[in-house]
Every structure is written in structure tokens, then in C-alpha cells.
Amino acid sequence: MTTTRRVLTGLAAAGLVISALGAGSASAATKGKIYISNNCGKAVSTTIHRTDGSTIAGTAAAPAGSYFGYPVYPGKYQVRVPAGKRDVTILDLGSKAHSVIVKAC
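Since the model is a prediction, treat every value here as computed from it, not as a measurement. Think of each chain on its own: its residues are numbered from 1, step by step along the sequence as written. Only residues with pLDDT of at least 70 get local features here, since the model is predicted, and only at 80 or more are side-chain atom pairs given and counted; chain-wide, interface and lining totals rely on the full set of residues. Hydrogens are left out, water is left out, and the side-chain values use all remaining heavy atoms of the structure.

### A word on the pairing of strand E2 (residues 32-37)
Consideration 1: Exposure classes here rest on a 1.4 Å probe applied to the protein chains alone. A residue is buried below 20% of its type maximum, exposed above 50%, and partly exposed in between. Counting from the N terminus, the helices are DSSP H or I runs at least four residues long and the strands are E runs at least two residues long. Counting buried positions over the six residues of E2 gives five, a clear majority of the element.
Consideration 2: The pairing criterion is simple: DSSP has to find at least two bridges between the two strands. Summarising the sheet, E2 and strand E5 (residues 67-72) pair through six bridges and their orientation is antiparallel. Counted as the bridge partner of Ser 37 is Tyr 67 from E5.
Consideration 3: Taken together, the five bridges between E2 and strand E8 (residues 97-103) define a ladder with parallel strand orientation. Residue pairing across strands places Tyr 35 opposite Ile 101, the latter belonging to E8.

### Structural notes on the packing of aromatic side chains
Consideration 1: Ring geometry is summarised as follows: Phe, Tyr and Trp rings, the Trp one being its six-membered ring, pair when their centres sit within 6.5 Å, and such pairs are stacked at plane angles under 30 degrees, edge-to-face over 60 and tilted between the two. Throughout the structure, instances matching the rule amount to two aromatic pairs.
Consideration 2: Look at Tyr 35 and Tyr 67: their rings are 5.3 Å apart centre to centre, the planes differ by 15°, and that puts the pair in the stacked class. You can see Tyr 35 sitting in strand E2 and its partner Tyr 67 sitting in strand E5, a full 32 residues away along the chain.
Consideration 3: Residue Tyr 67 is classed as buried on the basis of its relative accessible area, which comes to 14%.
Consideration 4: Residues Phe 68 and Tyr 70 carry aromatic rings whose centres are separated by 5.7 Å and whose planes lie at 85° to one another, so their mutual orientation is edge-to-face.
Consideration 5: For Phe 68, a relative accessible area of 18% translates into the label buried.

### Points about the side chain of His 98
Consideration 1: In this structure, His 98 sits in strand E8.
Consideration 2: Looking at His 98, its side chain comes within polar contact range of the main-chain nitrogen of Leu 91, at 3.0 Å. Polar contact is defined as a pair of N or O atoms within 3.5 Å, subject to the rule that within protein one atom must be able to donate a hydrogen and the other to accept it, and that residues adjacent in sequence are counted only when both atoms are side-chain atoms.

### Thoughts on the environment of Ile 36
Consideration 1: As for its position among the elements, Ile 36 is in strand E2.
Consideration 2: Relative accessible area serves as the criterion here: at 0%, Ile 36 is assigned to the buried category.
Consideration 3: Linking Ile 36 and Ile 48, residues twelve residues apart in sequence, is a C-alpha distance of 9.8 Å.
Consideration 4: We call two residues in contact whenever any of their non-hydrogen atoms come within 4.5 Å of each other. Residues contacting Ile 36, with those up to four places away along its chain left out, are Thr 46, Ile 48, Ser 66, Tyr 67, Phe 68, Tyr 70, Val 79, Val 81, Val 102 and Ala 104.

### Observations regarding the state of the cysteines
Consideration 1: Only a pair of cysteine sulfur atoms within 2.5 Å qualifies as a disulfide here. If you walk through the whole model with that rule in mind, you get one disulfide.
Consideration 2: Sulfur-sulfur distance for the disulfide between Cys 40 and Cys 105 comes to 1.8 Å. Taking the torsion about the sulfur-sulfur bond, which here is approximately 100°, the covalent link between Cys 40 and Cys 105 counts as right-handed. Here Cys 40 is found in the loop between E2 and strand E3 (44-50), whereas its partner Cys 105 is found in the segment after E8, with 65 residues between them in sequence.
Consideration 3: Relative accessible area serves as the criterion here: at 37%, Cys 105 is assigned to the partly exposed category.

### Points about empty space enclosed by the protein
Consideration 1: Using a 1 Å grid laid over the protein atoms alone, points where a 1.4 Å probe fits but cannot get out form a cavity; open sets with protein on both sides within 12 Å along at least 5 of 7 lines form a pocket; any residue with an atom within 4 Å of a point counts as lining. Grid points are joined across faces, edges and corners, and a volume is the space filled by probe spheres set on the points. According to the stated counting rule, one finds one cavity of 30 Å³ or more in the structure shown.
Consideration 2: When its volume is computed, the largest cavity comes out at roughly 50 Å³.
Consideration 3: We call Asp, Glu, Lys and Arg charged. Ala, Val, Leu, Ile, Met, Phe, Trp, Tyr, Cys and Pro are nonpolar, and the rest, Gly among them, are polar. Looking at the lining of the largest cavity residue by residue, the class counts come to four nonpolar, four polar and three charged.

Here it is, written out as C-alpha cells:
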């Protein structure tokens with residue numbers, strides 16, 4: 001596990017965490033990421049929705065201990081995890097990609 005991933009996993013253990021991560025030079029079409037950390041001890045269902053309610057990503061069984069991310073454009077999203085609904089915003093930071101980490105449980 002890389003140092004960055006260890007740090008992000010540690011931050012995710014504290015709950016919903018928002019962080020700006022540098023990803024080199026970026027353009028207006030730069031995507032951020034919504035990361036989901038499943039520390040529930042069992043497989044869980046997670047989904048990411050646009051604010052209009054349409055599903056953009058989902059999994060029927062995210063394995064226990066998994067940590068995965070979905071690339072998304074800047075905007076507002078709702079992440080539905082066993083811990084409840086989390087409203088997140090991916091910011092347009094220009095030269096940096098913005099990421100959000102959501103704890104599943």
C-alpha cells in the first residue's frame with residue numbers, strides 16, 4: 001500500500017473526508033474522483049447519483065476492506081452507502097483534481 005493510499009484510508013476511517021489532490025496539469029475537462037472506503041467487515045451495496053437522482057455508478061457487492069474510486073466531472077453528487085446518504089461536491093480546481101472520500105459504514 002502506498003503512503004498516499006495509507007493516509008487516505010486513515011482519513012476515511014474518520015468519516016467523510018474531503019481533500020484536494022494534485023494530479024499534475026489539468027484542463028476544463030479534468031475529472032475528480034469519488035472514493036468509497038468499505039470498512040464494514042462485509043460486502044455492501046454502494047451507488048453514486050447525480051443531483052437529479054440518476055445513477056452514474058454502483059456496485060451490488062463492494063468487498064469488505066475495499067477502497068475504490070469513480071472518476072466524475074465537477075458537480076454535486078449523492079453517494080448512497082450503508083452509513084446513509086452523503087451529499088458531496090467535486091470542485092473545479094483548475095490545475096488540480098479534486099477527490100472526496102466517503103466511508104461506507
